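# Structural characterization, general
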Amino acid sequence: MSTIKIYNLRIVPKNPVFNDAINYKNKVKNVFGKQPLSCSIPHITIGEFLMDMSYENILKKAFNQLSQIPKFKLKANNLGVFNNSHTLYINIEKSSKFHELQKFLKIIWIRDLHRKLNSLKLSSTPHITISKFKNRTMMLESLELLKTSNYQKEFYIDNLVLTSRYNYETWNWEFKIPLK
């Protein structure tokens with residue numbers, strides 16, 4: 001019997017952005033109580049997919065090719081919201097390096113893992129989720145609480161993390177991929 005897990009390829013930002021995201025999450029919890037994703041580890045999703053966990057060794061070998069990518073910088077640029085899902089986030093500026101990373105991931109997905117591209121969900125808006133909310137009003141109040149100034153910080157990416165979980169559970173496995 002196969003066991004399907006949800007896999008997420010992500011960037012875990014370095015400080016100060018990591019600590020800033022944690023501080024934002026804590027402010028949300030202090031004012032509004034625990035909200036969906038307010039306790040999650042700050043990260044930027046590159047792509048997500050479902051796969052049988054018996055293929056984890058094959059995934060590690062294939063995704064380790066991403067270590068050929070040179071280290072790069074990303075820029076956090078202000079707070080934003082996804083109105084339809086009532087989500088507050090730190091915006092990450094789109095960059096050619098992020099796009100190249102996703103392009104290489106697609107090549108590995110098709111060439112080495114022999115998967116259809118539509119089974120890989122790529123992030124179209126790079127961001128770090130602060131929290132989801134029960135309604136739009138709470139989301140906008142939270143945005144006002146946190147939006148005290150223009151937030152802009154650059155941070156260095158020197159590794160990627162492939163993580164997985166069972167449906168409706170927390171992330172329970174990870175594989176770090178160092179960049180060149």
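Placed above this text is the structure.
Residues numbered from 1 in each chain as written. Predicted model: local features only at pLDDT ≥ 70, side-chain atom pairs only at ≥ 80, totals over all residues. Heavy atoms only, no water.

Once the charged atoms of two side chains with opposite charge are near each other, the side chains can pair. One pass over the structure, following the stated rule, counts five salt bridges. D158 serves as the salt-bridge partner of K14, at 3.1 Å between the closest nitrogen and oxygen. Remark: D158 occurs in the loop between β7 (152-157) and β8 (159-165) and K14 occurs in the loop between β1 (4-11) and α1 (17-32); sequence separation between them is 144 residues. (Salt bridge = Lys/Arg side-chain N within 4 Å of Asp/Glu carboxyl O. Helix = DSSP H or I, 4+ residues; strand = E, 2+ residues; numbered from the N terminus.)

What follows is about the sheet that holds strand β4 (residues 87-92). The strands making up a sheet associate through hydrogen bonds between their backbones, and the pairing can be parallel or antiparallel. Reading across the sheet, the four strands line up as β6-β4-β3-β7 and stay open at both edges, with antiparallel pairing between neighbours. In the strand order of this sheet, the two ends are held by β6 (127-132) and β7, each with one partner. On average, each strand axis in the sheet is tilted by 30 degrees relative to the strand beside it, whichever way the strands run. Strand direction decides the pairing type here: β4 and β6, joined by five bridges, are antiparallel. The residue of β6 that forms the bridge with I90 is I128. On the sheet, helix α4 (residues 136-146) packs against β3 (72-82), β4 and β6 and is oriented at approximately 130 degrees with respect to β3. (Pairing = 2+ DSSP bridges. Axes fitted to C-alpha atoms, helices over the stretch in contact; angles between N-to-C directions. Contact = heavy atoms within 4.5 Å.)

Take the nonpolar core next. Of all hydrophobic cores here, the largest spans 47 residues; its most connected members are I11, F63, L66 and L160. Once residues lying within four places of it in the same chain are set aside, the contact partners of F63 are L9, F49, L105, I108, W109, L113, L162 and I177. (Core = buried A, V, L, I, M, F, W, Y, C linked by side-chain atoms within 4.5 Å. Buried < 20%, exposed > 50% of the residue type's maximum accessible area, 1.4 Å probe, protein only.)

What follows covers the packing of aromatic side chains. The tally for this structure, following the rule as stated, stands at seven aromatic pairs. With a centroid separation of 5.9 Å and 65 degrees between ring planes, the pair formed by Y24 and Y151 is classed as edge-to-face. A residue pair is termed long-range when its members are at least 10 positions apart, and Y24 in helix α1 and Y151 in the loop between α4 and β7 qualify at 127 residues. For Y151, a relative accessible area of 8% translates into the label buried. One aromatic cluster in this structure is built from Y7, F49, F63, W109 and W173. When the ring centre of Y166 is taken as reference, the NZ or CZ atom of K5 above it lies at 4.9 Å. Stacked on the ring of W171, the Lys or Arg R165 has its end atom at 4.7 Å from the ring centre. (Phe/Tyr/Trp six-rings, centres within 6.5 Å; stacked < 30°, edge-to-face > 60°. Lys NZ or Arg CZ within 6 Å of the ring centre and 35° of its normal.)

So, about the environment of Y166. Note that Y166 resides in the loop between β8 and β9 (173-178). For Y166, a relative accessible area of 26% puts it in the partly exposed group. A C-alpha to C-alpha distance of 9.0 Å links Y166 and Y7, two positions 159 residues apart in sequence. Setting aside anything within four residues of it in sequence, one finds Y166 in contact with T3, I4, K5, M53 and N172.

Quick look at the side chain of D52 now. By secondary structure assignment, the location of D52 is in strand β2 (residues 44-52). Although D52 is buried, it makes no salt bridge; R115 carries the closest opposite charge, 9.1 Å away. Polar side-chain contacts of D52 include one of 2.8 Å to the backbone nitrogen of S54. (Lys, Arg positive; Asp, Glu negative; His and termini not counted. Polar contact = N/O pair within 3.5 Å; in protein donor to acceptor, adjacent residues only side chain to side chain.)

Now for the environment of N84. Along the chain, the position of N84 falls in the loop between β3 and β4. Residues N84 and Q102, 18 residues apart in the sequence, show an inter-C-alpha distance of 25 Å.

We now examine unusual backbone geometry. A cis amide bond, omega 10 degrees, links N15 with the succeeding residue P16. Tracing the backbone shows P16 in the loop between β1 and α1. Phi is positive for H114, which is not a glycine, with a value near 55 degrees. The topology assignment puts H114 in the loop between α3 (96-112) and β5 (121-122).

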